[in-house]
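# Descriptive analysis of the structure
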Amino acid sequence: MKVLHVEASTFCNARCPLCPRSLYGLKVEGVYPEVHLKADKFKTVLENFPERGFVYFNGNLGDPMMNPDIAVLTGLTNCKTSVTTNGSIGSRDTWLTLAKEDVEVVFSIDGLHDTNHLYRQDVQWNKIMERVKWFIENGGNATWKFIIFKHNVHQRNQAEDLANSMGFKKFLVEDHGRNYGPVLSKDGEITHWILPADGSKQPESSYDVKAGIERYKTTHKNFFPEEKVYNINCEHEQQSSVYIDARGRIGPCCYQGFDLPEQPFMSLSNFPEIKKTWSTKKCNMVCAMSCGS
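Below: a short report on this structure. (Residues numbered from 1 in each chain as written. Predicted model: local features only at pLDDT ≥ 70, side-chain atom pairs only at ≥ 80, totals over all residues. Heavy atoms only, no water.)

## Description of the pattern of salt bridges
On inspection of all chains with the given rule, the structure shows 11 salt bridges. Residues Glu-34 and Lys-27 are paired through a salt bridge, measuring 3.2 Å at the closest nitrogen-oxygen approach. Glu-160 is the partner of Arg-156 in a salt bridge, and the nearest nitrogen-oxygen pair spans 2.6 Å. Taken together, the residues Arg-156 and Glu-160, both in helix H6 (residues 156-166) and 4 residues apart, mark about one turn of the helix. Using a relative accessible area of 29% as the deciding quantity, one classes Arg-156 as partly exposed. (Salt bridge = Lys/Arg side-chain N within 4 Å of Asp/Glu carboxyl O. Helix = DSSP H or I, 4+ residues; strand = E, 2+ residues; numbered from the N terminus. Buried < 20%, exposed > 50% of the residue type's maximum accessible area, 1.4 Å probe, protein only.)

Here it is in structure tokens:
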């Protein structure tokens, strides 16, 4: 069975502070291009994977629901399909179509009405709840994914109770490691800090926003793997998965799926050459950073 990870769109309505599309929630122009995956392009890509068993639309840089044709894309897969979203986007017709297609939707909701926006900046609670109801009340298969931070960990049980009362089929709690850093407003001012749920870190008083912007523009130039042989725990190999970006290009994984001068998109055909570096002291930079130990 082949698993396909698809980037439906690199647009997003949120400013999550620890997402790579921004610097702690501050959008820096010209770093990442914004594009929607076209249905005709996706249809052609799917012809390469006739034995696909699972397709999941999960943003590397954007939210899949930003693509106005997301229900068209999910309708092309002909296999088990999932969409992960912040839940505040999309027309009623789109949500009803996803429910009818039996697409699983994973709603990334990190808290309640008074805390979700602290990480999911610019995401409006009432719009999430509206779309959840559209989807579930029309038979949709919904999962609530709750990422824990210091500011929301006390609401875990309350959120699960709400999920159950609304008809979510699953409630997942995650700690994905993106749990420490300042939060910047649209004007580049620090408004608060994201901190780990266990209280192991505290805010810094000396973070330099201007210097951070300059580092962000050349972020991948600032990482140099140690000269050693890394143990690579490769998700692409373990899961028999591939990554399809919003331009319809096929790569081994989302970690290699960025499109920067310092880190160009890595196509699937180049994977054997990447793998050769694992047995040397000059490991591929992205493999070392993402899957190496």
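Still more ground to cover, so stick around.
## Some remarks on the pairing of strand S9 (residues 241-244)
Residues Ser-241 and Tyr-243 line one face of S9 and the alternating positions Val-242 and Ile-244 line the opposite face, and both faces are buried. Two elements, strand S1 (residues 2-6) and S9, share 4 bridges in a ladder whose sense is parallel. In the strand pairing of S9, Leu-4 is matched with Val-242. In the sheet, S9 pairs with strand S10 (residues 250-251) via 2 bridges, with the strands oriented antiparallel. What sits directly across from Tyr-243, in S10, is Gly-251. (Pairing = 2+ DSSP bridges.)

## As for unusual backbone geometry
A positive phi angle is found at Tyr-24, which is not glycine, with a value near 50°. Relative to the helices and strands, Tyr-24 is located in the loop between S1 and helix H1 (39-46). Given a relative accessible area of 22%, Tyr-24 falls into the partly exposed group. You will see that Asp-102, though not glycine, has its phi angle at about 60°, which is positive.

## Some remarks on the nonpolar core
Ranked by internal contacts, the top residues of the largest apolar core, which has 52 residues, are Phe-42, Phe-57, Phe-107, Phe-135, Trp-144 and Phe-168. It is helix H5 (residues 125-136) that contributes the most residues to this core, 7 residues altogether. Setting aside anything within four residues of it in sequence, one finds Phe-57 in contact with Val-6, Ala-8, Phe-42, Pro-64, Ile-70, Leu-73, Thr-74, Thr-77, Thr-81, Ser-82, Val-83 and Thr-84. The next biggest cluster of nonpolar side chains, apart from the first, holds 14 residues, and it includes Leu-23, Tyr-32, Tyr-207 and Phe-258. (Core = buried A, V, L, I, M, F, W, Y, C linked by side-chain atoms within 4.5 Å. Contact = heavy atoms within 4.5 Å.)

## Details of empty space enclosed by the protein
Evaluation of the coordinates by the stated rule reveals 2 cavities of 30 Å³ or more. Considered as a void within the structure, the largest cavity measures approximately 140 Å³ in volume. Forming the walls of the largest cavity are 14 residues, and the residues nearest its centre are Thr-10, Asp-245, Arg-249, Gly-257 and Asp-259. When the residues that make up the lining of the largest cavity are grouped by side-chain class, the tally is 6 nonpolar, 3 polar and 5 charged. (1 Å grid on protein atoms, 1.4 Å probe; cavity = no way out; pocket = protein on both sides within 12 Å on 5 of 7 lines; lining within 4 Å. Points joined across faces, edges and corners; volume = space filled by probe spheres on them. Nonpolar A, V, L, I, M, F, W, Y, C, P; charged D, E, K, R; others polar.)

## A look at the sheet that holds strand S2 (residues 52-57)
Read across the sheet, 8 strands follow the order S6-S5-S4-S3-S2-S1-S9-S10 without closing on themselves; strand pairing throughout is mixed. Strand pairing shows two members of the sheet lacking a second neighbour, strand S6 (170-174) and S10, which therefore form its edges.

## A short note on the packing of aromatic side chains
Scanning the entire structure with this criterion turns up 14 aromatic pairs. Aromatic pair Trp-95 and Phe-135: ring centres 5.7 Å apart, planes at 70°, arrangement edge-to-face. Taken together, the positions of Trp-95 in helix H3 (residues 92-100) and Phe-135 in helix H5 put the pair 40 residues apart, joining distant regions of the chain. Ring geometry for Trp-144 against Phe-171: centres 5.9 Å apart, planes inclined by 50°, an arrangement best described as tilted. With a gap of 27 residues between them, Trp-144 in strand S5 (residues 141-147) and Phe-171 in strand S6 connect regions that are remote in the sequence. The exposure class assigned to Phe-171 is buried, which follows from its relative accessible area of 14%. Among the aromatic residues, ring-to-ring pairing joins Trp-95, Phe-107, Phe-135, Trp-144, Phe-146, Phe-168 and Phe-171 into one connected group. We note Lys-80 situated over the ring of Phe-54; from NZ or CZ to the ring centre the distance is 5.4 Å. (Phe/Tyr/Trp six-rings, centres within 6.5 Å; stacked < 30°, edge-to-face > 60°. Lys NZ or Arg CZ within 6 Å of the ring centre and 35° of its normal.)

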